[in-house]
Amino acid sequence: MLLQSLQRRTALGLSSSSSASNNSVLLRYERDGFVVTRNLLAPESVLQLRNECEGEVNMRRLDSLRHRVRVLCPSVEANEITTEAEARAALQKNASDPLGFLQFFNLHRSNETVARVALGQELAAVAAQLLGVRRVRVYQDSLFLKEPGFAETNWHSDLRMAPFDTNQLVTAWIPLRPVRGARSANGSKSPPDSGLMFAAGSHRDFALPFWHDMDGRDLSDRGYVMKDCGPMEMGDVSWHHGWVLHCAAPQPLGTPPRLALSVAFFADGARVLPRRSDPSVRADLLHDEDLESYAAWLPQLVAAKDGAVARHRLLPVVWPQEASEAGGFPLRS
């Protein structure tokens, strides 16, 4: 059984005999919308992952800056930018918000080390447990870089940026260096590190997106308890629901850059939003920030059928293990 499999793998960061504790973790996830699994990944594998991701940052930085220009500078044609200096100048002059991070999409499609982690059974097993389903696909991986002095990451929910008509999406967040936490420890004089902050329970606040425009909205009147995962070591993984609101603090000066890899999983059988054929769909609410992530597969599915089931070779099955399509990655040219 899945729970027994997870217990054998200590998948929820608990001992193999603690089924009651595992149930407590699941309950906390349902209540708060996030949970952390300690020591899920081997530290040496995370170190190797970090080394590979640092190399990807060096190769893809210009593409990532173009992405931020597209999102933050609507008046600028991002594809015409040819240098990093040009991109940074455009952001300095035209950005609607300060630069909070650089984002690099879907490294698992070309990097074997990233594919081994992002599509691996350690993450897939926990994703299946948290989603409560038997069959799980990977939507995307995203590498986030916050350099010292980068601004805060604004409040958002991941499903607002994903083209799916579902509630069943969960994101794993893997820090690639130790993170002190979103808030300084008691008595600490060091600044908080840019870990994630969560508006606990916001994934169950149906009234908020139903009645209110979310863009720039102040959340102080909602009564959320703001929580974080505390300090995280290499090998720890946090998980958050696709609708839970979360943010990250500015990266303090005098700290090392913060790299974190996120991997988003969804339940097999979910459909893409039928934005053309269903007039009830509020298509304007889909934020296109992650367009670069799904541009390679979404048009193909929509061309075949608007609202199609989200099944594509770039959305591989990763659970159950015997059905995993991870062996097809990284993609061969």
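Presented here is a report on the structure given in the accompanying data block. (Residues numbered from 1 in each chain as written. Predicted model: local features only at pLDDT ≥ 70, side-chain atom pairs only at ≥ 80, totals over all residues. Heavy atoms only, no water.)

### Here's the deal with the overall build of the protein chain
Okay, step 1: What the protein chain contains, in helices and strands, is nine helices and 13 strands.
Okay, step 2: Here the protein chain has a C-alpha radius of gyration of 19 Å; the compact-globule value for 333 residues is 20 Å, and the two agree.
Okay, step 3: Taking the principal axes of the C-alpha coordinates as reference, the protein chain spans close to 55 × 55 × 45 Å.
Okay, step 4: The buried share of the protein chain, reckoned over its 333 residues, is 54%.
Okay, step 5: Long-range pairs, those at least 24 residues apart, make up 80% of the contacts in the protein chain with a sequence separation of at least 6.
Okay, step 6: Carbon and sulfur atoms form 51% of the exposed surface of the protein chain, whose accessible area is close to 15500 Å².
Okay, step 7: For the protein chain, the separation between the mean place of its 37 positive charges and that of its 38 negative charges on side chains is 4 Å. (Helix = DSSP H or I, 4+ residues; strand = E, 2+ residues; numbered from the N terminus. Rg over C-alpha atoms; globule rule 2.2 N^0.38 Å. Buried < 20%, exposed > 50% of the residue type's maximum accessible area, 1.4 Å probe, protein only. Contact = heavy atoms within 4.5 Å. Areas by Shrake-Rupley, 256 points an atom, 1.4 Å probe, with all protein chains shown as cover. Lys, Arg positive; Asp, Glu negative; His and termini not counted. Charge placed at Lys NZ, Arg CZ, Asp CG, Glu CD.)

### Focus on unusual backbone geometry
Of all residues except glycine, most have a negative phi; of all peptide bonds, most are trans.
Okay, step 1: A cis amide bond, omega 10°, links Trp319 with the succeeding residue Pro320.
Okay, step 2: Residue Pro330 is reached from Phe329 by a cis peptide bond, and omega for that bond is 0°.
Okay, step 3: Relative to the helices and strands, Pro330 resides in the segment after strand E13 (317–319).
Okay, step 4: Phi at Asn39 is positive, roughly 60°, even though this residue is not glycine.
Okay, step 5: You can see Asn39 is positioned in the loop between strand E1 (34–37) and helix H3 (43–72).
Okay, step 6: One non-glycine residue, Asn106, adopts positive backbone phi at about 55°.
Okay, step 7: Position of Asn106 among the secondary structure elements: in the loop between strand E2 (102–105) and helix H5 (112–118).

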